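Descriptive analysis of the structure
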Amino acid sequence: MLPINRDAIRSDCYFCMFLAALSFAYFAKALCGSYMKSTITQLERRFDIPSSLIGVLDGSFEIGNLLVIAFVSYFGAKLHRPKIIAVGCILMSLGTFLIAMPHFITGRYTIETTIRSPVNSTNTLTPCPVRTSAESSWKYEEPSLQPTRDCEQESSVSMWIYVLLGNILRGIGETPVQPLGISYIDDYAQSENAAVYIGCVQTIAIIGPVFGYLLGSLCAKIYVDIGYVDMDMVTITSSDARWVGAWWLGYLIAGVITLMSAVPFWFLPKSLPIPVDKHDRSCTPDQTRFIKDSPIMTHKIRQEEPANLYLMANEFVPTLKALFGNPVYTIYLCVTILQFNSLIGMVTYKPKYIEQHYGQSASKANFFMGMVNIPAVAVGMFSGGVVMKRFKMGVMGAAKFAFGTSLLGFFLSLLFLAMGCENSKVAGLTVSYTGYEQSLFSDCNSRCFCSSKGWDPVCGENGITYVSPCLAGCTSASGSGINITFDNCRCVGVSYIKSGNLTAILGKCPHRESCDKVFPYFMALSVLSSFIISLGGTPGFMLLVRCIKPELKSLALGIHTLATRTLAGIPAPIYFGAIIDTTCLQWGYKMCGGKGACRIYDTSAYRVVYLGLTLGLRTLSFIFCIWGFALLKKHLSREEKKALTNGSAEMELLRKEENSCVHGEPFILGLDSDVDRETDL
């Protein structure tokens, strides 16, 4: 009977515990990140801010990463990695709770509307105050520039600052999870199993965005002040551009989940015994061919020795030089930066694009993202690894495969430009009242004292939306809450030949049936293109991880994340949002008179700038891909010639090591566990 190796069993248990804990941490951070994306329009409406400022809030997560990622990746690899990850999870949780705080310290959400209750309590509403009436009980006027007490209270502190600070804290907390977690697995797992373990972690993490968007869909259906207001008196529905869902609820749920993910890491050791197959001091040919003059490991088991911070600091700059001395790594960074700019900008505003262009509610847009798009990306990334193993691709073959799938996905994405809908018919904005000059004011509403600002749409019998019942020329109304009906709307009769009472109802007119028919084709093409592009995620990660020396792995992962988030994660949502803002047709206005959130966009212009910018960035990345192919081929040819001069035996070893480099990665997904940041080298 063989003796029981209790140390080996304990080590295996610790490793399995770390694997499960890291999977849960990946799930939690992916859920938080995707939920943040799903609340973009809710935050924009709640705090009355434009898309460009929303881009700053979204990019603040990357700012948090930028502050600490290089140092965490370098110094953290030499310290107690599980406990550093635990601290990061706690910081993520605190940041998530901070984002939800404005809901509890500010007043109730006030729906922007031109309808005011009359001074005299009657059941008859008069939405068209006559200009000559000096003592009208109704007031329709431009937003006052004189600050009121409510205005002063509201503007004393901008509530979105809490969202900004909370997201920065989330970014700081998320920093150690990926580089330290992946390097810990790769250090203490058997070489042939490391790829499978990493793939399992990131496969489980794919579930995070699915649940994140589904949570966003659920919360978007619930009114922001549910439980505090009488829903029968709310005059808007979830498809209205002014609707704000219970955005804060999802952040509380996500914060609790993230806090729970920190617990297991406190009970894990700093290091584990290194597997026998990693006792060899030498590195693989793939690791030595790309990065030169880096230190070689001098011990077989990580020793629990005190960290010498001064020595580590002195070695930091030379190590960076060794890393960036690799031209393939540098080109790889350029490609992924451009791809991530395109990807992050597209994913950040895709739910909003679905809302504005196809007339879907925020809840439905998030549901489609979570249940249709994200699973397609997950299946694509998994399938990419399987295809690589099945056809036994080398390094160059894998790079060509990734480039081909990305290029095919690009050509499919061009079809999105043809799947557009015409602008909604809004009197004075997209169509004129009389067929001549396009203006909000016309003879039909000239008797009314109407405001040109704000957004309180009504749908006329003629199928045209009017910015407000006053601008529709309606003289009376009946009913309450969402069932108010406006009568004698003079502007409706201008383009609608009908005698008698001309009515309008609350809300924007629904999209035309032809637009509803296009939407399923848009979603089908979106799924197909996402799947094909995602097939290229595995090769990029394989090149990054397996062709770098072990002691540079954490730093290489950290620098890659630092570069992509600094040059893509931060600026992409901002300039995408600023460009989208240029297509706005009607802005909402704050209580203090300032410009608020956009209520309706020029959908044709939105489609052109949104898709055009996305596809343009990807086109530019293909130029760097071709350059990268040339450098990679040059490196491989040089090493093969060098191997031939050293004998056929060394050549055979080189080929075996190259194949093991590729074939050992069947299930690796993208570098980031968030599906909205897969690598497309």
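Each chain has its residues counted from 1, following the order in which its sequence is written. Predicted model: local features are reported for residues with pLDDT of at least 70 only, side-chain atom pairs are reported and counted for 80 or more only, and whole-chain, interface and lining totals are derived from all residues. Side-chain measures here rest on the full set of heavy atoms in the structure, leaving out hydrogens and waters.

1. What to know about the nonpolar core
- Nonpolar cores are built from buried Ala, Val, Leu, Ile, Met, Phe, Trp, Tyr and Cys residues. Side-chain atoms within 4.5 Å join them into one set. Per-residue accessibility, obtained with a 1.4 Å probe over protein chains only, is compared with the maximum for each type, and a residue is labelled buried under 20%, exposed over 50%, and partly exposed between these values. Formed by 60 residues in total, the largest nonpolar core has its most connected members in Leu43, Trp247, Tyr251, Tyr358, Phe522 and Tyr610.
- Contacts are residue-level and defined by heavy atoms, with any inter-residue pair within 4.5 Å sufficient. The contacts of Phe522, once residues within four sequence positions are left out, are Lys350, Tyr353, Ile354, Tyr358, Phe416 and Met419.

2. Here we look at the packing of aromatic side chains
- When the centres of two rings from Phe, Tyr and Trp lie within 6.5 Å, Trp using its six-membered ring, the rings pair. Their planes under 30 degrees apart give stacked, over 60 give edge-to-face, and anything left gives tilted. Under the defined criterion, the tally for this structure stands at 26 aromatic pairs.
- Judged by centre distance (4.9 Å) and plane angle (20°), the rings of Tyr353 and Tyr610 are stacked. With a gap of 257 residues between them, Tyr353 in helix α13 (residues 327-358) and Tyr610 in helix α21 (residues 603-645) connect regions that are remote in the sequence.
- Given the relative accessible area of 1%, Tyr353 is considered buried.
- Taking the relative accessible area as the measure of exposure, Tyr610 reaches 2% and is therefore buried.
- Aromatic side chains Phe410 and Phe622 sit 5.6 Å apart centroid to centroid with 90° between the ring planes, which places their arrangement in the edge-to-face category. With a gap of 212 residues between them, Phe410 in helix α15 (residues 395-413) and Phe622 in helix α21 connect regions that are remote in the sequence. In this structure, Phe410 and Phe622 share a single accessibility class: buried.
- Positioned above the aromatic ring of Tyr26, the side-chain terminus of Lys29 is 4.9 Å from the ring centre.
- The positively charged end of Arg108 is found above the aromatic ring belonging to Tyr228, 3.8 Å away from the centroid. Where helices and strands are cited, they refer to DSSP runs of H or I of at least four residues and of E of at least two residues respectively, numbered from the N terminus. Both a distance and an angle decide whether a charge sits over a ring: NZ of Lys or CZ of Arg must be within 6 Å of the ring centre and within 35 degrees of the ring normal.

3. Some details on the state of the cysteines
- Our working definition of a disulfide is a cysteine sulfur pair at a distance within 2.5 Å. In this structure the tally under the stated criterion is six disulfides.
- A sulfur-sulfur distance of 2.0 Å marks the disulfide that ties Cys444 to Cys491. Of note, the bridge from Cys444 to Cys491 carries an S-S torsion of about 95° and is right-handed in sense. Of this pair, Cys444 sits in the loop between α15 and β1 (458-460) while Cys491 sits in helix α16 (residues 490-494), and the two are 47 residues apart along the sequence.

4. What to know about unusual backbone geometry
- At Asp48, a position not held by glycine, the phi torsion is positive, near 50°.
- Secondary-structure assignment places Asp48 in the loop between α2 (40-46) and α3 (51-76).
- With a phi close to 55°, Asn488 is a non-glycine residue in the positive phi region.
- Relative to the elements of secondary structure, Asn488 occurs in the loop between β4 (485-487) and α16.

5. Describing the sheet that holds β1
- When DSSP finds two or more bridges between a pair of strands, those strands are recorded as paired. Read from one edge of the open sheet, five strands run β2-β1-β5-β4-β3, paired in antiparallel fashion. Two strands lie at the open edges of the sheet, namely β2 (465-466) and β3 (476-478), each paired on one side alone.
- Bridge analysis of β1 against strand β5 (residues 504-506) gives three bridges, and the strand direction is antiparallel. In the sheet register, Val458 faces β5, and the bridge partner there is Leu506.

6. Some thoughts on a nonpolar patch on the surface
- Note on patches: the residues involved have over 30% relative accessible area and no salt bridge, like charges join within 9 Å, and the nonpolar side chains Val, Leu, Ile, Met, Phe, Trp and Tyr join within 5 Å. Note on areas: Shrake-Rupley with a 1.4 Å probe; residue coverage comes only from the protein chains shown. Counted as salt bridges are all cases of a side-chain nitrogen of Lys or Arg within 4 Å of a carboxyl oxygen of Asp or Glu. On the surface, a nonpolar cluster with roughly 460 Å² of combined accessible area is contributed by Met17, Val87, Val263, Trp266 and Phe267.
- Along the chain, the position of Val87 falls in helix α4 (residues 81-100).
- Among the residues examined, Val87 registers a relative accessible area of 40% and is labelled partly exposed.

7. Quick word on the confidence of the model for the protein
- Scored from 0 to 100, pLDDT reflects the predictor's confidence in each residue. Averaged over every residue, the pLDDT of the protein is 77; residues scoring 70 or more account for 75%.
- Within the protein, helix α10 (residues 247-261) carries the highest mean pLDDT (94), whereas helix α11 (residues 285-290) carries the lowest (47).
- Segment residues 117-122: pLDDT under 50, and four contacts once partners within four positions in sequence are set aside and those in other chains are kept.
- Confidence over residues 660-681 falls short of pLDDT 50; this stretch has 107 contacts with residues more than four positions distant or in other chains.

8. Some thoughts on the environment of Asp225
- Mapping Asp225 onto the fold places it in the loop between α9 (191-221) and α10.
- Separated by 20 residues in the primary sequence, Asp225 and Gly245 have C-alpha atoms spaced 8.2 Å apart.
- Look past the residues within four positions of Asp225 in its chain and what remains in contact with it is His103, Arg108 and Tyr109.

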